[in-house]
Amino acid sequence: MAALMWRPCGSQQQWTRLVGCASVRNIRVRSLRTNGRKLHAASTNLAVKVRPLYVLLGTGGGYAGYKQYESYKDSRLEKLGIEIPPKLAQTWEVALYKTVPTRLLSRAWGRLNQVELPTWLRKPVYSLYIWTFGVNMKEAAVEDLHQYRNLSEFFRRKLKPQARPVCDSHSVISPSDGKILHFGRVKNCEVEQVKGVTYSLESFLGPQTWTENQLQKTSFQDQLVTQDGNELYHCVIYLAPGDYHCFHSPTDWNVHHRRHFPGSLMSVNPGVAKWIKELFCYNERVVLTGGWKHGFFSLTAVGATNVGSIQIYFDRDLQTNSPRYSKGSYNDLSYITNNNQDGIVMRKGDQLGEFNLGSTIVLIFEAPKDFNFNLKPGQKIHFGEAVGSL
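Quick notes on the rules
- As a convention, each chain's residues are numbered from 1 in the sequence order in which they are written.
- Only residues with pLDDT of at least 70 get local features here, since the model is predicted, and only at 80 or more are side-chain atom pairs given and counted; chain-wide, interface and lining totals rely on the full set of residues.
- With hydrogens and water stripped out, all remaining heavy atoms of the structure feed into the side-chain values.
- In this text, helices come from DSSP runs of H or I with a minimum length of four residues, and strands from runs of E with a minimum of two, each type numbered from the N-terminal end.
- Exposed residues in this analysis have more than 50% of their type's maximum accessible area, buried residues have under 20%, and partly exposed residues fall in between, with area computed by a 1.4 Å probe over protein chains only.
- Throughout, a residue-residue contact means that at least one pair of heavy atoms, one from each residue, lies within 4.5 Å.
- Methods summary: accessible areas were calculated by the Shrake-Rupley approach with a probe of 1.4 Å, and residue burial reflects only the protein chains presented.
- Each pair of strands is called paired provided DSSP finds at least two bridges between the two strands.
- UniProt positions are given in the numbering used here, feature names are shortened, and annotations may be inferred rather than shown by experiment.
- Note that the arc is defined by the directions from the helix axis to the C-beta atoms.
- Polar contacts here mean pairs of N or O atoms no more than 3.5 Å apart (in protein, one a potential hydrogen donor and the other a potential acceptor; neighbouring residues in sequence count only if both atoms are side-chain atoms).
- The criterion for an aromatic pair is that two Phe, Tyr or Trp rings (for Trp, the six-membered ring) have centres within 6.5 Å, with stacked assigned to planes under 30 degrees apart, edge-to-face to planes over 60 apart and tilted to the rest.
- In our convention, an over-ring charge means Lys NZ or Arg CZ found within 6 Å of a ring centre and within 35 degrees of that ring's normal.
- Note: pLDDT gives the predictor's confidence per residue, expressed from 0 to 100.
- Lines fitted to the C-alpha atoms define the axes, with helices restricted to the stretch that makes contact. Angles between their N-to-C directions range from 0 to 180 degrees.

## Thoughts on the overall build of the protein
A tally of regular secondary structure across the protein gives 9 helices and 17 strands. Going through the 390 residues of the protein one by one, you find that 44% of them count as buried. In the protein, the proportion of contacts linking residues at least 24 apart, taken out of those at least 6 apart, comes to 76%. Summed over all atoms, the accessible surface of the protein reaches about 21,500 Å², with 56% contributed by carbon and sulfur.

Structure below.
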């Protein structure tokens, strides 16, 4: 206000200078106010963009840390011999997990695995994998790491013929290397993927359409049992990333039918198998059904994260984790034709198929009531070792 007052003793030049200074001050004030509003708006927009990310990362990290802590506590209690009841995932947790594009990520992982590595890089990369997952390369048919052009070839490495002798004294052998998650009789049309966590037998295998003479039986489990006095048994084998990834025929049998379920590719790690009920029913899988000397026999290869590729050697038409197949459906193929009534004849120990990384094999078969498993829960098993016999 003082700058706008008239001073009679001052000259015209002073008056002009005072008015000019006032104008400059007013311009600066307006400029500062405008810039302040812009700065405030910019900071507000930045806060809107950044805060959800921080919240997401903080929440996700905290939740993951909490789950790890819970797993650590459970493992400590199990070591003390205290049985821990399963803590199943809530519906929203399973739904959230399903939103992760595991099929797309697995296809990307598959393509990455097929990229040829420079010779100088192969040994460091494979050595790190061997150290991380405890791979025994002395059993491999090719021990020289430089001979594996890419990760896919290394994952699918073959073994020396003498590395896995096939047990002749038992009727059912392990089709693969792995860890025994569960085994026993099938009860009430449900199968245990791990102790205390079950899944529906019918949801896992799908509708019984491969035979026509069992329709008078009401129970799905009874429909699979073809001989009086027999029971239905199951065995679940988990293949870790460091295991031998091929699988073989577990017995002498004839494969009559193949059913492919395109599905999710969630992890089948034992920790996840304890957490998600019917995990194996959600995931992509290939169900081979047929018969052996005691009746019904089936082997199912279950896919998992980064294991979208399941290969069956005698079935060149099978394509897993393909975008053309939608989840929630299945497609069938019969190996019985007019010219081949026996289907695909497999002998115990014959090569059957392979995974690209590691996953799960589920055996479900019919046998007399005196069938005995030669297993312990949680034990490590190799292809060719005994599963059970009469």
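Back to the text.
## Thoughts on the sheet that holds strand β15 (residues 372-373)
Here we have 3 strands laid out as an open sheet, ordered β1-β17-β15, and antiparallel in their pairing. Each edge of the open sheet carries a strand with a single partner, namely β1 (172-173) and β15. Relative to strand β17 (residues 386-389), β1 is paired through 2 bridges, and the arrangement is antiparallel. Bridged to Ile-173 within β17 is Ala-386.

## Focus on the UniProt feature "modified residue: Pyruvic acid (Ser)" (unreviewed entry) in the protein
The feature "modified residue: Pyruvic acid (Ser)" (unreviewed entry), as annotated in UniProt, sits at Ser-359 in this numbering. Relative to the helices and strands, Ser-359 resides in the loop between β13 (351-355) and β14 (360-368).

## A look at helix α2 (residues 91-98)
Those residues of α2 that sit buried are Glu-93, Val-94 and Tyr-97. Seen along its axis, α2 keeps its buried residues to an arc of 100 degrees; they face one direction. Opposite its buried face, α2 presents the exposed residues Thr-91, Trp-92 and Leu-96, each directed more than 90 degrees away.

## Overview of the UniProt feature "active site" (unreviewed entry) in the protein
Residues annotated by UniProt as "active site" (unreviewed entry) correspond here to Asp-177, His-248 and Ser-359. Taking the farthest pair of C-alpha atoms as the criterion, the annotated set spanning 183 residues converges on one region, since that pair is 14.2 Å apart. Positionally, Asp-177 belongs in the loop between β1 and β2 (178-185). Looking at Asp-177, the relative accessible area reads 3%, which means it is buried. At 2.7 Å, the side chain of Asp-177 and the side chain of Arg-164 are in polar contact. Residue placement: His-248 occurs in strand β6 (residues 246-248). Exposure remark for His-248: the relative accessible area of 5% places this residue in the buried category. Ignoring any residue separated from it by four or fewer positions in sequence, one finds His-248 in contact with Pro-175, Leu-299, Gly-349, Asp-350, Gln-351, Leu-352 and Phe-383.

## Some thoughts on the packing of aromatic side chains
Taken as a whole and judged by the stated rule, the model has 22 aromatic pairs. Seen from their ring centres, Trp-292 and Phe-365 are 5.9 Å apart, and the 85 degrees between their planes marks the pair as edge-to-face. One end of the pair, Trp-292, is in strand β8 (residues 285-292); the other, Phe-365, is in strand β14, with 73 residues separating them in the sequence. Residue Trp-292 shares its accessibility class with Phe-365, and that shared class is buried. Members of the aromatic cluster, joined through ring pairs, are Phe-183, Tyr-233, Trp-253, Trp-292, Phe-297, Phe-365, Phe-371 and Phe-373. When the ring centre of Phe-154 is taken as reference, the NZ or CZ atom of Arg-157 above it lies at 5.1 Å. For Arg-285, the ring lying beneath its charged end belongs to Phe-261, and the centroid distance is 3.9 Å.

## Structural notes on the confidence of the model for the protein
If pLDDT is low for a region, its predicted coordinates should not be looked at in detail. Of all residues in the protein, 75% attain a pLDDT of 70 or more, and the chain-wide mean is 80. Counted against residues more than four places away or in other chains, residues 1-25, with its pLDDT under 50, gives 8 contacts. A low-confidence stretch, residues 38-48 stays under pLDDT 50, and its non-local contacts, those more than four residues away or across chains, total 1 contact.

## Brief notes about the sheet that holds β13
Strand order in the open sheet made by the 3 strands is β6-β13-β10, with antiparallel pairing throughout. Across the chains shown, the open sheet's two edge strands, defined by having one partner strand only, are β6 and β10 (310-312). Strand-to-strand twist across the sheet, computed as the mean angle between neighbouring axes with direction ignored, equals 20 degrees.

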